[in-house]
Amino acid sequence: MTVLATTPAPPASCRDLPWASARERAHAAPAPLPARHVPLARAAGLTLADVLRTPQPMPGFDTAAMDGYAVGAGPGPWRVRGIARAGGAWTGRPLDTGEAAEISTGAHVPVGARAVIPLEHTDRTGTHVYGPTPADGKHIRRTGEDAPADAPLAPAGTRIGPALLGLAAACGHDTLPVRLRPRVRVLVTGDELIHTGRPGPGQVRDALGPLLPPLIEALGGETAGVHHIPDRPIGSLATAVRTFSHDGADVTVVTGSTSVGVTDQLRILLADADARWVVDAVACRPGHPQLLAQLPDGHWMVGLPGNPFAALVAAHTLLAPLLAGLAGRPLPALPRIPLTGDIRTAPGRTRLIPVTWDGLAARPVGGHRPAFLHGAALADALAAVAPDWRPGHPAPLILLTG
């Protein structure tokens, strides 16, 4: 890659990284954000900062799995001594041989009960109940059967969804240790961009301003603002970075301005700021002129190409793993699915193409020139087609959300 004479070149090891290596490097670069405790109601979509454990056995007591009768030892009939309902503890003496208690699903099983006979399998006459002799433990969920006390249920780095929230509540947790969503500020550069209406000669409608905030949210981040920055005068991007003072953000995404043209300012800004380079250009198509660097104050800068589909590819290549690393999540493993259809490889580069996936094979959608989002809008995933891929063989898929 040719670099502006006024811009010191980044380390050679950063340049034209293989696509898979760029993802790995972007994920490994940051330390996770600090952990904090939040109420369950605010934890959805965040990331566990520590292992989720059970503070007590699950279930916490012997529990009836059916409506019916908890019966003691011996064959029937059994004399009914009382009633056990959900929400209270059995306070009577243990059941003796030949004794039973009427019981509801979820109720505390009386001490001495060998099993629960479902209501539909019994016949009651007066104080006695008749039914088949059950196997020991039938229809009883024993204390700790699901998990003993202090058992690990979910590792740190797990994305918190509805099921995990329900699990945490069932275990008795009121708060969870989490890492908050990384905050991302977006700077869209370009004198040619307009933001409403149809573009005229020399103009281009901004696609990335609308695209990036929901993508950032889908990737586990939070958009801290979208700002439109002109290419001229030179230095306006650096002025914007200083003026906004990061808006409390952890990451700034700059679209456009990542190449080495006269109006491209990002590399000059990074050189002047003595930034630490992590990735400068990726051996992929589209999206080659993308970059990741860290300013001396710890703030992260991600450069995406200005062409919309190329920017989408670059966001999944660098921004997605960076956000996962900041949130303390593992780098997502990509499913490898056989590809069929007319697919051409690019010598020395990984091609990212939009595909549909029917569960068995993936097929190209088309409509994926660097500036055209038609294919991506209809696709289930982006297939990463390596230079040595052969027709019909598997390729990694980045599943598209939203």
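Residues numbered from 1 in each chain as written. Predicted model: local features only at pLDDT ≥ 70, side-chain atom pairs only at ≥ 80, totals over all residues. Heavy atoms only, no water.

Looking at the packing of helix α3 (residues 208-218) against helix α6 (residues 308-326)
Now for step 1: Closest axis-to-axis distance for the α3/α6 pair is 11 Å, and the angle between their directions is 25°. In terms of orientation, α3 lies roughly parallel with respect to α6. When you trace α3 past α6, the crossing you get is right-handed. Between α3, through L208, L211, L215 and I216, and α6, the contact on the second element is made entirely by P308, A311, L312, A315, H316, L319 and L323.
Now for step 2: Looking at the contact of α3 with α6 residue by residue, the class counts come to ten nonpolar, one polar and no charged. (Axes fitted to C-alpha atoms, helices over the stretch in contact; angles between N-to-C directions. Helix = DSSP H or I, 4+ residues; strand = E, 2+ residues; numbered from the N terminus. Parallel < 35°, antiparallel > 145°, perpendicular 65-115°, else oblique. Left-handed = near helix turned anticlockwise from the far one by under 90°. Contact = heavy atoms within 4.5 Å. Nonpolar A, V, L, I, M, F, W, Y, C, P; charged D, E, K, R; others polar.)

Description of helix α4 (residues 236-244)
Now for step 1: Residues of α4 that are buried: S236, L237, A238, A240 and V241.
Now for step 2: Buried-residue contacts for α4 involve β15 (183-189), β18 (222-229), β19 (251-255), α5 (266-272) and β22 (300-304). (Buried < 20%, exposed > 50% of the residue type's maximum accessible area, 1.4 Å probe, protein only.)

Points about the side chain of D206
Now for step 1: By the element assignment, D206 lies in the loop between β17 (204-205) and α3.
Now for step 2: Nearest to the buried, unbridged D206 among oppositely charged side chains is R205, at 6.9 Å.
Now for step 3: Among the polar contacts made by the side chain of D206, one reaches the main-chain amide nitrogen of L208 at a distance of 3.0 Å.
Now for step 4: A distance of 3.2 Å separates polar atoms of two side chains, one belonging to D206 and the other to H228.
Now for step 5: Setting aside its immediate chain neighbours within four residues, D206 contacts V188, L193, I194, H195 and H228. (Lys, Arg positive; Asp, Glu negative; His and termini not counted. Salt bridge = Lys/Arg side-chain N within 4 Å of Asp/Glu carboxyl O. Polar contact = N/O pair within 3.5 Å; in protein donor to acceptor, adjacent residues only side chain to side chain.)

Regarding unusual backbone geometry
Now for step 1: The peptide bond linking M58 to P59 adopts the cis configuration, its omega dihedral lying at -10°.
Now for step 2: Secondary-structure assignment places P59 in the loop between β4 (52-53) and β5 (63-64).
Now for step 3: Cis geometry marks the peptide bond from G76 to P77; its omega dihedral reads 0°.
Now for step 4: A positive phi angle, close to 60°, is found at H139, a residue other than glycine.
Now for step 5: Tracing the chain through its elements places H139 in the loop between β11 (128-130) and β12 (140-141).
Now for step 6: Phi is positive for A281, close to 85°, though the residue is something other than glycine.
Now for step 7: Topologically, A281 is positioned in strand β20 (residues 276-285).

Here we look at the environment of R232
Now for step 1: Along the chain, the position of R232 falls in the loop between β18 and α4.
Now for step 2: On the basis of relative accessibility, which here comes to 55%, the residue R232 falls in the exposed class.
Now for step 3: Sequence spacing of R232 and D191 is 41 residues, and the spatial spacing of their C-alpha atoms is 7.4 Å.

Focus: the pairing of β20
Now for step 1: Of all ten residues that make up β20, eight are buried, and the element is covered over most of its length.
Now for step 2: By the bridge criterion, four bridges tie β20 to strand β21 (residues 291-294) in an arrangement that is antiparallel. Bridge assignment links D280 to a residue of β21, and that residue is L291.
Now for step 3: In sequence, β20 turns back onto β21 through a hairpin of five residues, with G287 there showing a positive phi of about 95°.
Now for step 4: Judged from the two bridges that link them, β20 and strand β24 (residues 350-357) form a sheet pairing that is parallel. Paired with R285 across the bridge in β24 is R351. (Pairing = 2+ DSSP bridges.)

Things to note about the sheet that holds strand β9 (residues 115-118)
Now for step 1: Taken in spatial order, the six strands make up an open sheet running β9-β6-β8-β7-β11-β10, and their pairing is mixed. In this open sheet, the two strands that pair with only one neighbour each are β9 and β10 (123-125). Recorded for the sheet is a direction-independent mean angle of 40° between the axes of neighbouring strands.

Focus on the pairing of strand β26 (residues 381-385)
Now for step 1: Counting buried residues in β26 gives five out of five residues, a clear majority hidden from the surface.
Now for step 2: Every second residue of β26 is oriented toward a common face, with A381, A383 and V385 on one face and L382 and A384 on the other, all of them buried.

Re the packing of helix α1 (residues 19-28) against α6
Now for step 1: Orientation of α1 relative to α6, taken along the N-to-C sense of each, is 30°, at an axis distance of 7 Å. If you check the angle between α1 and α6, you find them roughly parallel. Note that α1 runs across α6; the crossing there is right-handed. The segment α1 lies against α6, with W19, A22, R23, A26 and H27 engaging H316, T317, L318, P321, L322, A324 and G325.
Now for step 2: Residue classes in the contact of α1 with α6 are distributed as seven nonpolar, four polar and one charged.

Describing the pattern of salt bridges
Now for step 1: As enumerated under the stated definition, the model contains 13 salt bridges in all.
Now for step 2: In this structure, R93 and E99 form a salt bridge, with 3.0 Å as the shortest nitrogen-oxygen distance.
Now for step 3: Note on R93: relative accessible area 41%, which makes it partly exposed.
Now for step 4: R183 is paired through a salt bridge with E222; the nearest N and O atoms lie 2.9 Å apart. Taken together, the residues span a long stretch of sequence, with R183 in strand β15 and E222 in strand β18 at a distance of 39 residues.
Now for step 5: Judged by relative accessible area, which is 36%, E222 ranks as partly exposed.
Now for step 6: Here the salt bridges share partners, and the residues they tie into one network are R79, R81, R93, D96 and E99.

Geometric descriptors of this kind do not, in isolation, establish any biological role.
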